[in-house]
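What the coordinates show
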Amino acid sequence: MTAEILMKNIYTFANILSQAGSDIVAKWNHTSLNNAFNWADYCIKVFQQIENKPYRGEIEKHMASMTLHLHPPSCLKLRVEDLGKARVILERTLLQNPFLPEKLSRTIIEQKQKTKGNNLEPAECQEIVTEVTRVSMLMKTLQTDEDLYRQTQLISEATALLSTVISLSSCSSKSQRFECYVYNLLSRLAKKVGQLDIILKMLCVLPSDTTYTDGQLQDLHNIIVRWLSEPQNSRFLVTSCKVLIQEACRYHSDLCQSYLEHIVSWAERLEPSYNEDDTNFYSWRYRCTESSEKGNDHRTFEKLCEHLENLLNVNKQCQLTVKHTLQSLKEKSNFNVYSDILKRLNQIAEY
């Protein structure tokens with residue numbers, strides 16, 4: 001077997017393991033499960049063949065860079081020694097994943113009972129199982145309605161995620177490859193959860209691992225801010241915690257500008273709605289351009305002013321930028337939404 005085929009097969013298992021730790025596993029059936037364990041058994045045989053070979057280090061190096069190419073994007077860091085425990089790692093990953101269908105969970109437990117388990121202590125594989133299920137566990141945590149639980153977990157989860165991601169920055173010598181991986185990971189989180197709380201918190205904490213450099217941390221924070229600046233991502237700010245947005249803006253001035261640009265683009269799509277029966281001559285309503293946007297009650301004039309008030313409270317510099325921007329936009333025409341926005345904000349004492 002050539003080295004190319006060997007790495008391709010290991011990559012196939014890594015992708016399967018990444019899926020096993022994600023919400024994709026909800027679509028698995030017994031055929032998918034059997035296929036996954038067949039690949040795990042294959043990797044055990046591979047490990048037995050390469051365990052003491054002189055080229056093991058080279059394989060280890062290629063496996064490290066492989067992490068940045070996995071789909072779905074994962075925090076998995078697969079090592080050569082993990083191949084020898086592939087079946088156990090896969091089994092525990094599946095059983096720890098909250099998205100695993102119950103029928104498959106029963107099948108795994110039944111098989112485990114027949115084979116009388118394994119000789120490995122749970123702690124031996126827990127680190128990699130935690131890595132591969134980190135995103136799916138985060139999704140479950142952030143989707144819960146228990147606000148107190150979410151808030152108490154947010155700092156520790158953000159710290160753990162930041163630590164894991166920054167440790168992967170050395171997996172590739174190409175900075176663009178790492179940035180692409182971070183973008184994919186953040187997009188997956190935002191799309192599945194529908195808000196940016198964990199991502200914003202990552203901008204406000206330090207990694208738990210002390211081996212990182214200030215340069216690595218700054219680079220990762222810059223990537224996150226750039227990702228947040230993308231229009232398709234900044235839209236999630238509307239449904240995110242305003243306190244967290246404010247906190248992240250205090251740490252990163254570039255985020256203030258992105259946040260303001262998003263609010264302005266929102267304001268640009270507010271149009272007057274005239275109603276003779278209304279006590280007010282007109283009101284501002286959000287103009288939907290896509291069917292998916294209909295029913296977005298959070299895109300109201302009142303909510304927009306709340307977000308602007310939030311931005312005004314970041315710091316003095318941000319306050320001056322907001323006031324100057326709104327005033328400039330107001331002067332572009334005799335009648336626009338910015339006149340009413342400024343009137344509303346003028347009612348705030350701090351303004």
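Small disclaimer: the values here were computed from a predicted structure and weren't measured. (Residues numbered from 1 in each chain as written. Predicted model: local features only at pLDDT ≥ 70, side-chain atom pairs only at ≥ 80, totals over all residues. Heavy atoms only, no water.)

On to a nonpolar patch on the surface. Taken together, Tyr274, Phe281 and Phe335 make up a surface patch of nonpolar side chains, about 390 Å² in accessible area. Residue placement: Tyr274 occurs in strand E1 (residues 270–274). (Patch = residues over 30% accessible without salt bridge, like charges linked within 9 Å, V, L, I, M, F, W, Y side chains within 5 Å. Areas by Shrake-Rupley, 256 points an atom, 1.4 Å probe, with all protein chains shown as cover. Salt bridge = Lys/Arg side-chain N within 4 Å of Asp/Glu carboxyl O. Helix = DSSP H or I, 4+ residues; strand = E, 2+ residues; numbered from the N terminus.)

Before going further, it helps to examine the packing of helix H13 (residues 242–251) against helix H14 (residues 253–267). For the pair H13 and H14, interaxial distance at closest approach is 5 Å and the crossing angle is 130 degrees. Classified by the angle their axes make, H13 and H14 are oblique. When H13 is examined against H14, the residues Ile245, Ala248, Cys249 and Tyr251 are found in contact with a partner set consisting of Ser253, Leu255, Cys256 and Tyr259. (Axes fitted to C-alpha atoms, helices over the stretch in contact; angles between N-to-C directions. Parallel < 35°, antiparallel > 145°, perpendicular 65-115°, else oblique. Contact = heavy atoms within 4.5 Å.)

On to the pattern of salt bridges. In total, this model carries 14 salt bridges according to the counting rule given. Ionic pairing is found between Arg79 and Asp82, a salt bridge with its closest N-O pair at 3.0 Å. Asp82 gets classed as buried once you look at its relative accessible area, which sits at 2%. Glu179 is the partner of Arg226 in a salt bridge, and the nearest nitrogen-oxygen pair spans 3.0 Å. With Arg226 in helix H11 (residues 214–229) and Glu179 in helix H9 (residues 175–193), this pair connects stretches of sequence that are 47 residues apart. For Glu179, a relative accessible area of 22% gives the class partly exposed. (Buried < 20%, exposed > 50% of the residue type's maximum accessible area, 1.4 Å probe, protein only.)

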